[in-house]
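Here is how the chains run, residue by residue.
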2 protein chains.
Amino acid sequence: MQITRQAEYAIKTMLELARLPFGQTLRTQEISQRQEVPEVFLKKTIQLLARGGLLATQRGAQGGVRLYLPADQITVADIIEAVEGPLAINPCLAEGQHCEKESFCPIRRILWRAQNAMKVELRRESLQEILNEQ
Amino acid sequence: MQITRQAEYAIKTMLELARLPFGQTLRTQEISQRQEVPEVFLKKTIQLLARGGLLATQRGAQGGVRLYLPADQITVADIIEAVEGPLAINPCLAEGQHCEKESFCPIRRILWRAQNAMKVELRRESLQEILNEQ
DNA sequence: CATAATTTAGACTAATTATATCTTATATGA
DNA sequence: TCATATAAGATATAATTAGTCTAAATTATG
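The present account deals with the structure reproduced in this document.

1. Re the interface of chain B and chain A
Part 1 of the reasoning: Taken together, the contact between chain B and chain A spans 36 residues of the former and 35 residues of the latter.
Part 2 of the reasoning: Taking both partners together, chain B and chain A bury about 3400 Å²; carbon and sulfur atoms supply 62% of that area.
Part 3 of the reasoning: Among the residues of chain B in contact with chain A, Met1(B), Ile107(B) and Ile110(B) are the three that bury the most area, contributing 21% of the side total.
Part 4 of the reasoning: Measuring nitrogen to oxygen at the nearest pair gives 3.4 Å for the salt bridge that ties Glu125(B) to Arg113(A).
Part 5 of the reasoning: Inspection of the chain B/chain A interface yields 16 residue pairs in polar contact (both at pLDDT 80 or more).
Part 6 of the reasoning: Of all elements in the fold, only α1 (5-18), α4 (76-84) and α5 (106-124) of chain B reach the threshold of two or more residues within the side of chain B that touches chain A.
Part 7 of the reasoning: For the side of chain B that touches chain A, the residue count by class is 21 nonpolar, three polar and 12 charged.

This is the structure we're talking about:
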């Protein structure tokens, strides 16, 4: 019932980048040091975020990572989904999933409500708003 | 971000028992067949529920498993906690946990809200109410 | 008291998921 | 065009979760 460590690292990374003026890059190494996450592992995490359309990466000297969208257009839900896949607390509740017991399964209904309540919160605020709150 | 398969089996088991008049027992084998969960694994799950104070078990002939409390006093949150431990979407958010960054960590605040919203839903209805809804 | 039914307990295996490392490809600037 | 910085991709290791098997303990019943 926990998000993965990788998802946590991803959120930290995105927040770190969201503090910069939009468009500015940071090296993975720098992020890893500031947020105290293992660098090589962070690179893989960044790959997932890039594939998910949340980060732009640039190789080579002067390269690095930057947000693909402005911080007011990204939510924590987006980040978790980019790293873990669909936000679902049970396989049968992932979007696009159907179960033949769906119509009468009492578990599905209660879990769906819980999942939905959680999603609503994770989508409520953008990274920008989260940082402004402090 | 998912509950474990074991937690799902546990919820199914508890709902199956909640359909019976309070005090009535069912054999593990019977539950496993009705709910289509592997029997030997279900036994382990039942142990956890019994240790968590949710089930009473009785060995021997005519033995079996029954609810320890009436179905209107049990929530899905109770069941998940008995099987998985504290309901937390990140280690730092488990009850009793403290983190020195707590006061200013932006991740903690947003995740806490999401976790709380989910918990509220999982505690909103008793097993009795869940079954009555159908 | 003997027997059969049934759960308990623990060790073990297999599968899946998470984490970490190593190698390759690409971009930049001298 | 070469050396270096940097991310991408592939592979290996570790941890967790899921499931099985065996033996022992408990209880009801004849």
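2. What about the protein's contact with DNA strand C?
Part 1 of the reasoning: Residues in contact with DNA strand C amount to 23 residues; listed here are only the nearest, Lys44(A), Arg59(A), Thr28(B), Thr57(B) and Arg59(B).
Part 2 of the reasoning: In the interface set of DNA strand C, defined as its atoms within 4 Å of the protein, sugar plus phosphate atoms amount to 71%.
Part 3 of the reasoning: One of the side-chain nitrogen or oxygen atoms of Arg59(B) is found 2.8 Å away from a sugar or linking oxygen of DNA strand C.
Part 4 of the reasoning: The set of elements that each furnish at least two residues to the surface near DNA strand C consists of α1 (5-18) and α3 (39-51) of chain A together with α3 (39-51) and β1 (55-58) of chain B.
Part 5 of the reasoning: Among the residues forming the surface near DNA strand C, the class breakdown is five nonpolar, 11 polar and seven charged.

3. Some points on the environment of Arg108(A)
Residues and elements named next belong to chain A.
Part 1 of the reasoning: For arginine 108, the location among the structural elements is in helix α5 (residues 106-124).
Part 2 of the reasoning: When the C-alpha atoms of arginine 108 and asparagine 90 are compared, they prove to be 8.6 Å apart, with 18 residues separating the residues in sequence.
Part 3 of the reasoning: Among all residues touching arginine 108, those that are not within four sequence positions of it are Cys92, Leu93, Gln97, Cys99 and Glu102.
Part 4 of the reasoning: Within the structure, the side chain of arginine 108 is placed 2.8 Å from the backbone oxygen of cysteine 92, a separation counted as a polar contact.

4. Re the pattern of salt bridges
Part 1 of the reasoning: Using the criterion set out here, one finds 29 salt bridges over all chains in the structure.
Part 2 of the reasoning: Notably, a salt bridge pairs Lys101(A) with Glu36(B), separated by 3.3 Å at the nearest N-O pair. Highlighted residues: Lys101(A) in the loop between α4 (76-84) and α5 and Glu36(B) in the loop between α2 (28-35) and α3, drawn from two different chains.
Part 3 of the reasoning: We note a salt bridge from Glu121(A) to Arg124(A), for which the minimum N-O separation is 2.8 Å. Of the two residues, Glu121(A) and Arg124(A) are both situated in helix α5; the distance of three residues between them amounts to about one turn of the helix.
Part 4 of the reasoning: Each member of the salt-bridge network shares a partner with another, and the members are Glu16(B), Arg19(B), Arg27(B), Glu30(B) and Arg34(B).

5. Quick notes on the relation of the copies chain B and chain A
Part 1 of the reasoning: Overlay of chain B on chain A (RMSD 0.1 Å): rotation 180°, translation along the axis 0.0 Å. Taken together, these values place the two copies in the relation of a two-fold axis.
Part 2 of the reasoning: When the interface residues of chain B are mapped onto chain A, 97% of them are again interface residues, pointing to one common binding face.

6. Here's the deal with the protein's contact with DNA strand D
Part 1 of the reasoning: Taken together, 25 residues surround DNA strand D, and among them Arg27(A), Gln47(A), Thr57(A), Arg59(A) and Arg5(B) come closest.
Part 2 of the reasoning: Protein-adjacent atoms of DNA strand D, using a 4 Å cutoff, are sugar or phosphate at a proportion of 72%.
Part 3 of the reasoning: With respect to DNA strand D, the side chain of Arg27(A) contributes an N or O atom lying 3.5 Å from a phosphate oxygen.
Part 4 of the reasoning: One nitrogen or oxygen atom from the main chain of Gly60(A) is found 3.4 Å from a sugar or linking oxygen belonging to DNA strand D.
Part 5 of the reasoning: For the surface near DNA strand D, the secondary-structure elements that each account for two or more residues are α3 and β1 (55-58) of chain A together with α1 and α3 of chain B.
Part 6 of the reasoning: By residue number, the principal contributor to the surface near DNA strand D is α3(A), which donates four residues.

7. Quick word on the pairing of strand β2 (residues 64-67) of chain A
Both faces of the sheet carry side chains from a regular strand, because those side chains alternate between them.
Part 1 of the reasoning: With four bridges joining them, β1(A) and β2(A) adopt antiparallel strand pairing. Bridge pairing links Ala56(A) to Arg66(A) in β2(A).

8. Observations regarding the packing of α3(B) against α4(B)
All names here are of chain B.
Part 1 of the reasoning: Interaxial distance between α3 and α4 falls to 8 Å at its minimum, and their mutual angle equals 110°. Here α4 runs roughly perpendicular to α3, going by the angle between their axes. When you trace α3 past α4, the crossing you get is right-handed. Of α4, the residues touching α3 (which contributes Thr45, Leu48 and Leu49) are Ile79, Ala82 and Val83.
Part 2 of the reasoning: Here the contact of α3 with α4 is composed, by residue class, of five nonpolar, one polar and no charged.

What counts, and where the lines are drawn
Within each chain, residue numbers correspond to sequence positions counted from 1 in written order. Chain letters and ligand numbers both follow the written order, the letters beginning at A and the numbers at 1. Totals for whole chains, interfaces and linings use every residue, but because this is a predicted model, local features are given only for residues with pLDDT of at least 70 and side-chain atom pairs only at 80 or more, for both listing and counting. Side-chain metrics in this entry use all non-hydrogen atoms of the structure; hydrogen atoms and water are not considered. Contacts between residues were defined by any pair of non-hydrogen atoms, one from each residue, lying within 4.5 Å. Here the buried area means the combined drop in accessible surface, using a 1.4 Å probe, for two parts upon being joined, counting both sides. For this analysis, a salt bridge means a side-chain nitrogen from Lys or Arg found within 4 Å of a carboxyl oxygen belonging to Asp or Glu. Polar contacts here mean pairs of N or O atoms no more than 3.5 Å apart (in protein, one a potential hydrogen donor and the other a potential acceptor; neighbouring residues in sequence count only if both atoms are side-chain atoms). Comment: elements are numbered from the N terminus, with helices defined as DSSP H or I runs of at least four residues and strands as E runs of at least two. Charged means Asp, Glu, Lys or Arg here, nonpolar means Ala, Val, Leu, Ile, Met, Phe, Trp, Tyr, Cys or Pro, and polar covers whatever is left, Gly included. What makes a residue near a molecule or strand is one non-hydrogen atom of that residue sitting within 4 Å of it. Copies are brought into register by a least-squares superposition over C-alpha atoms of residues with pLDDT of at least 70 in both. Only strands that DSSP links by at least two bridges are regarded as paired with each other. A fitted line through C-alpha atoms represents every axis, and for helices the fit uses only the stretch in contact; the resulting angles, taken between N-to-C directions, go from 0 to 180 degrees. Angle categories: roughly parallel below 35 degrees, roughly antiparallel above 145, roughly perpendicular from 65 to 115, and oblique for all the rest. By convention, the crossing between two helices is left-handed when the near helix turns anticlockwise from the far helix through less than a right angle, and right-handed when the turn is clockwise.

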